[in-house]
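Coordinate inspection notes
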Amino acid sequence: MAQAQVVEKRKMRTPIESGCPDGMQYMHPLMIKNFGNWKYHDRPRPGVLHHVAYSGDEIWTVRVGTQRQLGPYEINLLCDIIDRYGEGYVRFTIRSNMEVMVSKWDKVGPLIQAFNDAGYPVGGTGNSVTMISHTQGWLHCDIPATDASGVVKSLMDELYEEFIKEEMPNRVHITTSCCQINCGGQGDIAINIQHTKPPKINHDLVANVCERPSVVARCPVAAIRPAIVNGKPSLEVDEKKCICCGACYPPCPPMQINDPEHSKLAIWVGGKNSNARSKPMFQKLVAAGLPNNPPRWPEVAAVVKKILYTYKKDARDWERVGDWVERIGWPRFFELTGLPFTKFHIDNWRGARNSLNASAHIRF
Ligand code: SF4
Ligand code: SF4
């Protein structure tokens, strides 16, 4: 008995895994069987991928666009379709498209029809405008200045035809970001929040809520100083130095920078992570000060569509948006799109090279 207890004591505690579950357990059996042994793949029609294994097995993947924020009703509806017309296997892409795998070509048509009948488009493959990636927004985050998922939904409603067809010169990745400093990656076209006024400080709360040294350290241009206001420890901002980045707001919520009027949206163009045909590129600002105008953000949609359809008309086959702009030059880009070029487009702040994230390796 005593010996058994010693053995029991020596047994190591197994680590508690709190990350993503192992994806293999949810995979279609044909994918597990042929894991790492695929011969080739092609696309029989927009929205459908076809993989052929060395064993001769074939699998078809149907890609479906959703409204992004799925509630229980939508999830049940989609799962019922997948169980009835598919084979019960589904996965999500990094842009939150759903992908449903089936082992027979005959099942593809009825599956697409069932999704379309329920209002869900099939597409997003190849040279289409695939689903826009968006950051968490107000559902999960404490600092968003806009509803990134709402911008995505309203814009994808307008770009529906470009999702279900593959008629762009190359794939188009659009991204959104609901604050100016954190998530969001390099996009062919990116829609990002842009603050235009320094934060407003609620001095009554700073002493209770904020760790002042970490807030001071957070500012990339050293615009924040400790101060005593109304006899209490607080902070002050040198508004001439402040670049309105919003970095002080997450560690110190009383430094409110979100504003219904002065938090605007900006459009950036030409970023990409891929190494195909040209090097990864950083996106560049092309339109600023667009109103943050829910629920449909019409001003943002107008600028995005102007850029997108100019690119569609003018780019050569296989040029990404950034490649196209590099070839024609930025002056011609502004000429063709009709967007105004102002002195505010010129980035003359050299501090960014030392203190801001300068990596194109955040993938969306
Ligand atoms: S972009 Fe900013 S506000 Fe939006 S989810 Fe990420 S950290 Fe939060
Ligand atoms: S908004 Fe940015 S630049 Fe302005 S005070 Fe805050 S951290 Fe500094």
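These remarks concern the structure in this document. (Residues numbered from 1 in each chain as written. Chains lettered and ligands numbered in written order. Predicted model: local features only at pLDDT ≥ 70, side-chain atom pairs only at ≥ 80, totals over all residues. Heavy atoms only, no water.)

1. With respect to the packing of aromatic side chains
Considering all chains together, one arrives at seven aromatic pairs under this definition. For the ring pair Trp-324 and Phe-333, a centre distance of 5.8 Å and an interplane angle of 65° mean the geometry is edge-to-face. Both rings, one in Trp-330 and one in Phe-334, keep their centres 6.4 Å apart while their planes meet at 40°; by these two values the pair is tilted. Here Trp-330 and its partner Phe-334 are both found in helix α11 (residues 330-337), four residues apart, which amounts to about one turn of the helix. Relative accessible area serves as the criterion here: at 9%, Phe-334 is assigned to the buried category. Each member of the aromatic cluster is reached from another via a ring pair, and the members are Tyr-311, Trp-324, Trp-330, Phe-333, Phe-334 and Phe-341. (Phe/Tyr/Trp six-rings, centres within 6.5 Å; stacked < 30°, edge-to-face > 60°. Helix = DSSP H or I, 4+ residues; strand = E, 2+ residues; numbered from the N terminus. Buried < 20%, exposed > 50% of the residue type's maximum accessible area, 1.4 Å probe, protein only.)

2. Comments concerning the state of the cysteines
Per the stated rule, a full pass over the model turns up one disulfide. Note on cysteine connectivity: Cys-210 is disulfide-linked to Cys-252, with sulfurs 2.2 Å apart. What sets the handedness of the Cys-210 and Cys-252 disulfide is the S-S torsion sign, and at about 75° it is right-handed. With Cys-210 in the loop between α7 (203-209) and α8 (212-218) and Cys-252 in the loop between β10 (232-237) and β11 (255-256), this residue pair connects regions lying 42 residues apart in the sequence. This pair shows no difference in class: Cys-210 is buried, exactly as Cys-252 is. (Disulfide = S-S within 2.5 Å.)

3. Focus: the sheet that holds strand β13 (residues 284-290)
The four strands are arranged β6-β7-β12-β13 in an open sheet whose pairing can be described as mixed. Where the open sheet ends on each side, the last strands, each with one partner, are β6 (174-177) and β13. Strand after strand, the sheet turns through a mean of 25° between neighbouring axes, direction not considered. Note that strand β12 (residues 263-269) and β13 share four bridges and pair antiparallel. For Trp-268, the partnering residue across the bridge sits in β13 and is Leu-285. Along the sheet face, α11 touches β12 and β13 and points at about 40° away from the line of β13. (Pairing = 2+ DSSP bridges. Axes fitted to C-alpha atoms, helices over the stretch in contact; angles between N-to-C directions. Contact = heavy atoms within 4.5 Å.)

4. Section: the packing of helix α9 (residues 298-314) against helix α10 (residues 321-328)
Contact geometry for α9 and α10: axes closest at 11 Å, N-to-C directions at 70°. By the angle between their axes, α9 is roughly perpendicular relative to α10. Along this stretch, α9 crosses α10, giving a crossing that reads as left-handed. On α10, the residues that touch Thr-310, Tyr-311 and Asp-314 of α9 are Val-321, Trp-324, Arg-327 and Ile-328. Across the contact of α9 with α10, the residue classes break down as four nonpolar, one polar and two charged. (Parallel < 35°, antiparallel > 145°, perpendicular 65-115°, else oblique. Left-handed = near helix turned anticlockwise from the far one by under 90°. Nonpolar A, V, L, I, M, F, W, Y, C, P; charged D, E, K, R; others polar.)

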